[in-house]
Amino acid sequence: MSVTENNVSEAMREGVVIPATSRAERFTSYDVQAFEVPGGREENWRFTPMKRLRGLHDGSAAASGSATVDADAAPELKIETVGRDDERLGAAGVPSDRIAAQAYSSFTEATVITVPKETKTSKPSTVKITGPGEGKVAYGHVQVRAEQFSEAVIVLDHVGSGTYADNVEFVIGDSANVTVVSVQDWADDAVHVSEQHLKLGRDASLKHIVITLGGDLVRVSPTATFADKGGDVEMLGLYFADSGQHQEHRLFVDHAVPNCKSRVMYKGALQGDDAHTVWVGDVLIRAAAEATDTYELNRNLVLTPGARADSIPNLEIETGEIEGAGHASATGRFDDEQLFYLQSRGIGEDAARRLVVRGFFHEILVKIGVPEVRERLEAAIEAELEAVGA
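Residues numbered from 1 in each chain as written. Predicted model: local features only at pLDDT ≥ 70, side-chain atom pairs only at ≥ 80, totals over all residues. Heavy atoms only, no water.

- The name an unreviewed UniProt entry gives the protein is Fe-S cluster assembly protein SufD, with Amycolatopsis roodepoortensis as the organism.
- Of the protein, the UniProt comment under Sequence similarities (unreviewed entry) reads exactly: "Belongs to the iron-sulfur cluster assembly SufBD family." (UniProt positions renumbered as here; feature names shortened; annotations may be inferred.)

Encoded structure:
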């Protein structure tokens, strides 16, 4: 609910500080010290178990290792390791929280992946990022650059152990068409906090897919912005939290120019004691963004008692001249009617439950354009279900 002018004036007289409620006022900076140390009560951090961040948020987590980057890439791609002084870095966005700023100021080398102009890659490319190892801390930076009229499919595969924070940039040039898949398949001990910046040029198209399976705590925050008219971003997500895992996805789509489109669809499943997922989806349509078309959807399936899913969609509109805007969110347990229907046709309860979960995720799985990733996900989902005898 917005605060009226009268309420603001009254609050000011009483000495009450009213925090900014509009995403248009979001603060960004490369300077770590420009951000206060979060205590966990701030809106941006209130769902995050701060003690499990291992000091990433307060500056006490000094780098003690490094992540390794290996690529199985299409021959058309150009992959470089560059220093902090490379002028291309930071082109997609500026850190919006203290951990992202810490990661930006702490990395020593960045990986830049370029899809050359007017090039269509011959195969999907996989870039594997392996954590620094158990008990170690590392900071990283990856930038994907798709030049004008290029086409590519790129998978960022995060594996291994340790504590890792990074910024990932996707700079999508005019009329480029790119699919990127960010897989978080960490070991059980891992902590990963990632801010991802998506910037689309004129008539550019980006399918951005986030898949979160492993890790002790994983927090991924993608922000999509449009540099010119005609941009089209599809943001998809699939996550499966097990006992004790905390998985958090915070999205922001900033429509600041006319005639752009965004679609967001995230689906998650939870099982086991203290499994916790958080999804926050913010969409801002600024006054200049006429003819915007946007919709966001989040669905959560709670498989066992003791699991918790928080889902918060937010839509802020500053102009009435739009094509369409909406959002939806739902969290629930197994549909007993679906189970009964399947069992009434001779399918056992365990098999029926598997079919329900597969059907729940099917809408996301079919949109992943990399068969190897899709098959890996299907196997991981099956393994998770077998773990509790579902």
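### Section: the sheet that holds strand β5 (residues 137-146)
- The strand order β2-β3-β5-β7-β9-β11-β13-β15-β17 describes an open sheet built from nine strands, whose pairing is mixed. The open sheet has two free edges, formed respectively by β2 (78-83) and β17 (308-317), since each of these has just one partner strand. Strand-to-strand, the axes of this sheet are offset by a mean angle of 10 degrees, without reference to chain direction.
- Examined bridge by bridge, β5 and strand β7 (residues 163-172) share 10 bridges and lie parallel to one another. Counted as the bridge partner of Gln143 is Glu169 from β7.
- Strands in contact with helix α2 (residues 98-106) are β5, β7 and β9 (191-200); relative to β7, the strand with the most contacts, it is inclined by about 85 degrees. (Pairing = 2+ DSSP bridges. Helix = DSSP H or I, 4+ residues; strand = E, 2+ residues; numbered from the N terminus. Axes fitted to C-alpha atoms, helices over the stretch in contact; angles between N-to-C directions. Contact = heavy atoms within 4.5 Å.)

### So, the side chain of Glu195
- As for its position among the elements, Glu195 is in strand β9.
- Within the buried core, Glu195 has no salt-bridge partner, and the shortest N-O distance to an opposite charge, that of Arg26, equals 5.2 Å.
- Each residue touching Glu195, except ones within four places of it in the same chain, is listed here: Val94, Pro95, Ser96, Asp97, Ala100, Asp166, Asn167, Val168 and Ser221. (Buried < 20%, exposed > 50% of the residue type's maximum accessible area, 1.4 Å probe, protein only. Lys, Arg positive; Asp, Glu negative; His and termini not counted. Salt bridge = Lys/Arg side-chain N within 4 Å of Asp/Glu carboxyl O.)

### Details of the packing of aromatic side chains
- Enumeration according to the criterion identifies seven aromatic pairs in this entry.
- Judged by centre distance (6.3 Å) and plane angle (40 degrees), the rings of Phe240 and Phe361 are tilted. In this pair, Phe240 is assigned in strand β12 (residues 232-241) and Phe361 in helix α4 (residues 349-365), connecting sequence segments 121 residues apart.
- By relative accessible area, Phe361 is classed as buried at 0%.
- Summarising the aromatic geometry, the rings of Tyr266 and Trp279 are spaced 6.4 Å apart at their centres and angled 45 degrees between planes, so their arrangement reads as tilted. Of this pair, Tyr266 sits in strand β14 (residues 261-270) while Trp279 sits in strand β15 (residues 276-285), and the two are 13 residues apart along the sequence.
- The buried category is assigned to Trp279, whose relative accessible area is 0%.
- In textbook terms, an aromatic cluster arises when at least three aromatic residues are bridged by ring pairs, as seen for Tyr30, Tyr104 and Phe107.
- The ring of Phe107 carries Arg84 above its face, with NZ or CZ at 4.5 Å from the centroid.
- Cation over ring: Arg219 sits above Trp45, and NZ or CZ is 3.8 Å from the ring centre. (Phe/Tyr/Trp six-rings, centres within 6.5 Å; stacked < 30°, edge-to-face > 60°. Lys NZ or Arg CZ within 6 Å of the ring centre and 35° of its normal.)

### Here's the deal with the environment of Ala289
- You can see Ala289 is positioned in the loop between β15 and β16 (293-302).
- When the C-alpha positions of Ala289 and Gln338 are compared, they lie 42 Å apart, and in sequence the two are 49 residues distant.

### So, the nonpolar core
- Counting residues in each nonpolar core, the largest one holds 43 residues, and the members touching the most others are Ile154 and Ile172.
- Ignoring sequence-local partners within four residues, the contact set of Ile172 consists of Ala146, Val178, Lys199, Leu200, Gly201, Ala204, Ser205 and Leu206. (Core = buried A, V, L, I, M, F, W, Y, C linked by side-chain atoms within 4.5 Å.)

### Regarding the side chain of Ser29
- Structurally, Ser29 can be placed in the loop between α1 (5-13) and β1 (68-72).
- A relative accessible area of 13% places Ser29 in the buried class.
- With residues up to four places along the chain from it excluded, the contact list for Ser29 reads Ala34, Phe35, Val94, Pro95 and Ala101.

### Some words on the sheet that holds strand β10 (residues 205-212)
- On the basis of which strands lie adjacent, the open sheet formed by nine strands has the order β1-β4-β6-β8-β10-β12-β14-β16-β18 and mixed pairing. The sheet is open, and its two borders are formed by β1 and β18 (324-332), each paired with just one other strand. For this sheet the average axis-to-axis angle between neighbouring strands, irrespective of direction, equals 10 degrees.
- Summarising the sheet, strand β6 (residues 151-159) and strand β8 (residues 177-184) pair through eight bridges and their orientation is parallel. By the bridge assignment, Asp157 is partnered in β8 with Val183.
- Set on the sheet, α4 makes contact with β12, β14 and β16; between it and β14 the angle comes to about 155 degrees.
- The strands touched by helix α5 (residues 371-387) are β6, β8, β10 and β12; relative to β12, the strand with the most contacts, the crossing angle is about 30 degrees.

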